[in-house]
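A structural walkthrough
Residues per chain are reported as follows:
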Amino acid sequence: MAHSPEEIAKHIKTYLFVGATLLVFTAITVGLSFVDFGSQSLNMTIGMAVAAFKSSLVILIFMHMNNERPLIYKFMLFTMVFLGVMFTLFVFTHDDPLVMRGYESVFGNH
Amino acid sequence: MEIPYTVTARPDTGLWNAKIGIWLFLASEVMLFGGLFSSYIFLRLGADYHWPIHELNVTMGCFNTAVLIASSVTIVMAWAGVKMRKFAMYFWCLLATIVCSFIFLGVKFFEYKAKLEHYGVILKDGTILQGHLPGEGYKIKFNVDSITLSTKHDTSDPGYFMRYAVKPEAEHGGAHAEGHDAGPEHLEMSAVQFKTEKGETITLDKDWERLRQEAQAAKPKVESLKLTPVAPLALHAHPKKLVNYTPTSMAFIDSTQVAGKLVSDDMHLEVDLVDARATADADKSLAWSLLKDAAWKKQFDEHRAEELKKHEEHHPGTDPMKSDHFLREGLRWHIHGTTPDEHAAKHKEGVGILDGMPWVHHHYPAVTIPGKEIERWSNFTPSWNTYYAIYFCITGLHGAHVLAGALIMLYFLVFNSSWFKTDPEHLANRVETGGLFWHFVDLVWIFLFPLLYLL
């Protein structure tokens with residue numbers, strides 16, 4: 001948080017390095033998406049892992065979350081809990097009879 | 001009133017006010033986009049079709065990702081510029097960020113445009129053809145005996161059909177049947193002469209309003225008027241403006257009825273992709289009878305055999321028909337030329353990453369699809385399938401954020417740059433606040449790009 005001009009000057013290199021890393025990992029994401037890992041869910045997991053790595057760089061370095069006041073951590077943690085719930089809501093649909101019927105007809109057509 | 005704590009920290013929170021404000025705002029933004037990403041998961045799990053992968057232009061998406069990453073670097077450098085009291089660094093980096101955001105939006109515009117000009121046709125056997133509609137697009141061609149107009153509509157423009165009136169093909173020798181045509185000869189519908197049932201000769205622009213009012217005033221009220229064209233008349237109707245049509249009638253969505261004779265409901269399509277994943281037997285797909293030249297089918301077979309070989313090398317003993325990758329690469333077949341030979345040559349030399357760019361205009365084999373073989377057709381709008389619905393929804397909202405970010409930064413650049421001398425710490429905090437928002441926009445794209453373009 002303390003940002004003396006000298007400290008910031010030191011950070012410039014970090015910013016450029018992070019930018020370059022993000023570009024490299026974008027290329028990696030594109031490349032990996034054309035590789036056949038045997039199942040789409042594996043491709044998906046790998047792709048999302050790379051995206052999670054890239055986003056953590058942006059959050060920690062560009063958004064200075066590596067060194068922030070406690071209050072901000074507190075309410076972002078609160079938000080993340082709700083985000084996590086939203087992303088896992090779909091597990092409840094597996095017992096949904098409508099969805100089950102939908103899947104049957106999909107497989108039936110192929 | 002002066003807003004307090006714009007530079008120094010508020011004692012109770014330990015933060016300057018805008019900082020806590022922007023983080024609270026970002027928290028709600030996380031929930032907004034989180035909800036949409038959650039919808040994406042539901043739509044993808046529930047999709048009853050093959051989820052599109054690599055269907056958007058990967059080169060353009062990749063370029064835009066690089067643009068956003070570059071802008072994330074420049075915005076943090078602009079902030080560092082103020083902190084280090086280097087005006088040129090602040091100014092040029094902020095300007096570069098704004099330029100990047102408009103480049104992003106420009107590329108997005110071309111991506112949207114390409115999708116809206118590209119069509120998908122689901123054939124009766126489940127095969128999907130993709131391509132472009134040449135000429136005036138898909139039109140139902142009809143020779144008119146009579147037109148029955150509703151008298152209810154209070155408009156000087158009676159009927160959607162008006163814009164598609166043409167002279168019948170016989171009138172100009174069917175000159176456009178041979179491909180190189182200037183299109184059908186359009187008529188000014190409002191000036192076309194009709195005979196009413198009473199034998200009066202009228203034109204729509206001069207007489208319609210009077211006829212309509214007379215019909216409304218009559219007792220009992222006359223609900224519709226039947227008009228017979230004086231000279232032969234044809235309509236080229238846009239199918240989306242029709243409720244239905246038969247060999248002898250057309251019903252428009254504004255309740256206009258037309259009697260006469262269906263000339264043609266063939267669709268002309270320049271096919272750039274054949275997707276046989278949902279076809280019961282890819283070898284018997286309707287696509288092969290439409291493409292006519294048997295060499296096309298041969299090319300498809302060779303391509304499929306190649307992909308099958310790759311599958312057996314990498315995943316021996318597994319069922320290729322259960323592999324999304326094989327189905328996508330083997331049964332979803334890109335066409336790269338107007339003739340099978342041209343396709344083969346292009347396929348051999350490899351398709352470049354710039355091939356799908358908006359300024360590259362390729363031509364593809366033209367097929368004629370009889371109306372009865374079409375199950376559904378549309379351009380790639382949100383209504384094509386749930387993938388395009390969520391694609392336009394999330395990227396549209398994301399694009400709105402990019403635009404908002406660009407305008408905020410432009411405001412800082414124009415109106416707050418003078419603070420560099422008078423109140424640099426306040427300016428630094430403004431740029432930091434805008435920067436936090438901008439990084440969030442980048443963050444959303446980091447997930448959007450792989451989810452919508454690649455995986």
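Rules used throughout
Residues numbered from 1 in each chain as written. Chains lettered and ligands numbered in written order. Predicted model: local features only at pLDDT ≥ 70, side-chain atom pairs only at ≥ 80, totals over all residues. Heavy atoms only, no water. Helix = DSSP H or I, 4+ residues; strand = E, 2+ residues; numbered from the N terminus. Buried < 20%, exposed > 50% of the residue type's maximum accessible area, 1.4 Å probe, protein only. Contact = heavy atoms within 4.5 Å. Areas by Shrake-Rupley, 256 points an atom, 1.4 Å probe, with all protein chains shown as cover. Salt bridge = Lys/Arg side-chain N within 4 Å of Asp/Glu carboxyl O. Arc of directions from axis to C-beta. Patch = residues over 30% accessible without salt bridge, like charges linked within 9 Å, V, L, I, M, F, W, Y side chains within 5 Å. Core = buried A, V, L, I, M, F, W, Y, C linked by side-chain atoms within 4.5 Å. Buried area = accessible area lost by both parts, 1.4 Å probe. pLDDT = per-residue confidence, 0-100. 1 Å grid on protein atoms, 1.4 Å probe; cavity = no way out; pocket = protein on both sides within 12 Å on 5 of 7 lines; lining within 4 Å. Points joined across faces, edges and corners; volume = space filled by probe spheres on them. Nonpolar A, V, L, I, M, F, W, Y, C, P; charged D, E, K, R; others polar.

1. Focus: the overall build of chain B
Each helix and strand counted, chain B has 11 helices and 15 strands in total. A principal-axis box enclosing the C-alpha atoms of chain B has dimensions of 90 × 70 × 40 Å. For chain B, the residues scored as buried account for 51% of the 455 residues in total. Put simply, 75% of the contacts in chain B that link residues at least 6 apart link residues at least 24 apart.

2. Concerning the overall build of chain A
Across its full length, chain A holds four helices and zero strands. Ordered by position in the sequence, the α and β elements of chain A form the string α-α-α-α. Burial analysis of chain A (110 residues in total) assigns 32% to the buried set. By sequence separation, contacts in chain A at least 24 residues apart represent 55% of the contacts at least 6 residues apart. Element-wise, carbon and sulfur atoms account for 74% of the exposed surface of chain A, whose accessible area totals about 6700 Å².

3. Side note on the pattern of salt bridges
Residue and element names in this part refer to chain B. Counted by the stated rule, this structure contains 21 salt bridges over all chains. For the salt bridge of Glu 55 with Arg 332, the shortest nitrogen-to-oxygen distance reads 3.7 Å. One end of the pair, Glu 55, is in the loop between helix H1 (17-46) and helix H2 (58-83); the other, Arg 332, is in strand E13 (residues 332-334), with 277 residues separating them in the sequence. Pair check on accessibility: Glu 55 and Arg 332 agree, each one buried. With a shortest N-O distance of 3.4 Å, Glu 111 and Lys 108 are connected by a salt bridge. Here Glu 111 pairs with Lys 108, and both are found in helix H3 (residues 87-116), just three residues apart, close to one helical turn. With respect to burial, Glu 111 and Lys 108 carry one shared label: buried.

4. Focus on helix H8 (residues 340-349) of chain B
Residues and elements named next belong to chain B. Looking only at H8, the buried set comprises Pro 340, His 343 and Lys 346. Here the buried residues of H8 occupy an arc of 125° about the axis, which is enough to place them on one side. Of the exposed residues in H8, those oriented more than 90 degrees away from the buried face are Asp 341, Lys 348 and Glu 349. Positive phi shows up at Gly 350, right after H8, with a value of about 90°.

5. Examining a nonpolar patch on the surface
Nonpolar side chains collect at one region of the surface, where Phe 78, Val 81, Phe 82, Val 85, Leu 89, Val 91 and Phe 92 of chain A together with Phe 42 of chain B lie side by side and expose about 780 Å² of accessible area between them. Take the nonpolar patch: its biggest share by element is four residues, from helix H3 (residues 70-88) of chain A. By the secondary structure assignment, Phe 78 of chain A is in helix H3. Classification of Phe 78 of chain A by relative accessible area gives exposed; the value is 55%.

6. A look at the nonpolar core
Side chains that are nonpolar tend, in soluble globular proteins, to be buried together. Grouped together as the largest cluster of nonpolar side chains are 87 residues, with contacts concentrated most on Phe 62 of chain A together with Trp 23 of chain B. A per-element tally of this core places helix H11 (residues 424-454) of chain B first, with 18 residues. Discounting chain neighbours no more than four positions away, the residues touching Trp 23 of chain B are Met 63, Met 65, Glu 68, Ile 72, Phe 75 and Met 76 of chain A together with Leu 436 of chain B. Counting 51 residues, the second-largest nonpolar core is a separate cluster that includes Val 121, Phe 194, Val 274 and Val 367 of chain B.

7. Points about the interface of chain A and chain B
Taken together, the contact between chain A and chain B spans 53 residues of the former and 60 residues of the latter. Contact with chain B buries area across many residues of chain A, yet Asp 36, Gln 40 and Met 63 of chain A alone supply 13% of it, more than any other trio. Joining chain A to chain B, the criterion identifies one salt bridge. Residue Lys 19 of chain B pairs with Glu 68 of chain A through a salt bridge whose shortest N-O separation is 3.1 Å. For the side of chain A that touches chain B, the secondary structure elements donating two or more residues are helix H1 (5-33), helix H2 (40-62), H3 and helix H4 (97-109) of chain A. The element that contributes the greatest number of residues to the side of chain A that touches chain B is H1 of chain A, accounting for 13 residues.

8. What to know about the confidence of the model for chain A
Residues and elements named next belong to chain A. Mean pLDDT over chain A: 83, with 81% of residues reaching 70 or higher. When the elements of chain A are averaged for pLDDT, H4 gives the smallest value, 48, and H2 the largest, 93. Taken as a whole, residues 103-110 scores under 50 in pLDDT and shows six contacts with residues more than four places along the chain or in a different chain.

9. Focus on the confidence of the model for chain B
All names here are of chain B. In the predicted model, chain B carries a mean pLDDT of 89, and 94% of its residues have values of at least 70. This model gives residues 171-180 a pLDDT under 50, and the stretch forms 10 contacts once residues within four places in sequence are excluded. The complex prediction reports pTM at 0.87, with the ipTM value standing at 0.86.

10. Quick notes on empty space enclosed by the protein
Summed over all chains, the structure comprises two cavities of 30 Å³ or more. Approximately 60 Å³ is the volume attributed to the largest cavity. Residue assignment for the lining of the largest cavity shows that the elements contributing at least two residues are H2 and H11 of chain B. Looking at the lining of the largest cavity, the element that brings in the most residues is H11 of chain B, giving five residues. Estimated volume of the second largest cavity: approximately 40 Å³. Contributing to the lining of the second largest cavity are Thr 29, Leu 32, Ser 33, Asn 43 and Gly 47 of chain A together with Pro 450, Leu 454 and Leu 455 of chain B. When residues of the lining of the second largest cavity are traced back to their parent elements, those giving at least two are H1 and H2 of chain A together with H11 of chain B. Among the elements that line the lining of the second largest cavity, the one with the most residues is H1 of chain A, at three residues. In terms of residue class, the lining of the second largest cavity is built from four nonpolar, four polar and no charged.

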